[in-house]
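Residue strings, one per chain:
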Amino acid sequence: MAKYLDVHPDNPQPRLINQVVDLLHADGLIAYPTDSCYALGCRIGNKDGIDRIREIRGLGDEHHFTLVCRDFAQFGQFVHVNKAVFRLVKAATPGGYTFILPATKEVPRRLLHPRKKTVGVRIPDHVVTQALLAELGEPLLSSTLLLPDETEPLTQGWEIKERLDHAVDAVIDSGECGATPTTVVDFSQGEPEILRHGTGPTDLFE
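Residues numbered from 1 in each chain as written. Predicted model: local features only at pLDDT ≥ 70, side-chain atom pairs only at ≥ 80, totals over all residues. Heavy atoms only, no water.

Draft legend 1. Just helix α2 (residues 47–57), in detail. Along α2, the positions that sit buried rather than exposed are G49, I50, R52, I53, R54, I56 and R57. Residues of α2 that are buried sit in contact with β3 (39–42) and β7 (140–144). Its side-chain oxygen 3.3 Å from the backbone nitrogen of D48, N46 forms the N-cap of α2. G58 occupies a position one or two residues after α2 and carries a positive phi of about 65 degrees. (Buried < 20%, exposed > 50% of the residue type's maximum accessible area, 1.4 Å probe, protein only. Helix = DSSP H or I, 4+ residues; strand = E, 2+ residues; numbered from the N terminus. Contact = heavy atoms within 4.5 Å. Polar contact = N/O pair within 3.5 Å; in protein donor to acceptor, adjacent residues only side chain to side chain.)

Rendered as structure tokens:
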């Protein structure tokens, strides 16, 4: 059964954040809220966690996983960003965007798009997510919590607990978050290409 953790949205309790981080270090898989919608998350090196995300979501090999980063220092460790792209990304973050960029050698091969050698990265504007990332000290490997054959992501912690009780190790509830996923912008060819319209306005990239 998954742990159910009621975390304050503005002042996350350090004790609860530490419990989640301990689970992640023990190769656990969590469902957690972001500034766009709920996501599934585990540590980058957690192969079993990655397989579990694929199974829960019914994902194929060409799915772009996302590295949810605390700040630009982490961001720059895992993707190649030139000055022009950096200026655009910096203007839009933190916020509801996922950027597809060429990965560095820090990213395990199994997380990369098989042909493009790219990965998704984002910096969220969410107090609880940021508290988790600060305590964890590394990005969270994540994917939107959208179940197979459903068009809307799950938005309520109690419902996620009911439906995924035996599939995840913890559910963090800090109140309802949105049902709209991030805006996805692909910079892998240099010029921005909007792959998905979501929470982030797209005028910067058009």
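Draft legend 2. The environment of G49, seen in detail. Tracing the backbone through its elements, the reader meets G49 in helix α2. Since its relative accessible area comes to 0%, G49 is described here as buried. Along the sequence, G49 and Y97 sit 48 residues apart, while their C-alpha atoms lie 23 Å from each other. Those residues in contact with G49, other than ones at most four positions away along the chain, are L29 and C42.

Draft legend 3. Summary view of the nonpolar core. Counting residues in hydrophobic clusters, the biggest one holds 42 residues, and the most contacted among them are L67, F99 and L145. Of all the secondary structure elements, the ones that give two or more residues to this core are β3, α2, α3 (72–78), α4 (83–92), β5 (97–102) and β6 (118–122). When near neighbours in sequence (up to four residues on either side) are disregarded, F99 contacts F75, V89, A92, T93, V119, G120, V121, V185, F187 and F205. (Core = buried A, V, L, I, M, F, W, Y, C linked by side-chain atoms within 4.5 Å.)

Draft legend 4. Structural detail: the sheet that holds strand β10 (residues 193–196). Read across the sheet, ten strands follow the order β1-β8-β2-β3-β7-β4-β6-β5-β9-β10 without closing on themselves; strand pairing throughout is mixed. Edge strands, defined here as strands with exactly one partner in the open sheet, are β1 (3–6) and β10. Strand-to-strand twist of the sheet, defined as the mean angle between neighbouring strand axes without regard to direction, takes the value 30 degrees. Pairing of strand β4 (residues 66–68) with β6, which is carried by three bridges, proceeds in the parallel orientation. Residue pairing for β6: T66 is matched across the bridge by G120. (Pairing = 2+ DSSP bridges. Axes fitted to C-alpha atoms, helices over the stretch in contact; angles between N-to-C directions.)

Draft legend 5. Representation of helix α1 (residues 14–25). Taking 1.5 Å of rise per residue, twelve residues should cover 16 Å, and α1 covers 16 Å from first to last C-alpha, within 8% of that figure. Among all positions of α1, only L16, I17, V20, V21, L23 and L24 are buried. Seen along its axis, α1 keeps its buried residues to an arc of 155 degrees; they face one direction. Exposed residues pointing more than 90 degrees away from the buried face of α1 are listed as P14, R15 and D22. Tucked inside the fold, the buried residues of α1 contact β1, β2 (30–32), β3, α5 (127–136), β7 and β8 (170–173). (Expected span 1.5 Å × (residues − 1). Arc of directions from axis to C-beta.)

Draft legend 6. Region of the structure containing the pairing of β5. Most of β5 sits inside the fold, with five of its six residues counted as buried. Pairing geometry for β5 and β6, over four bridges, is antiparallel. Opposite P102, over in β6, you have T118 as the bridge partner.

Draft legend 7. Structural context of the environment of A134. Looking at the secondary structure, you find A134 in helix α5. Relative accessible area serves as the criterion here: at 35%, A134 is assigned to the partly exposed category.

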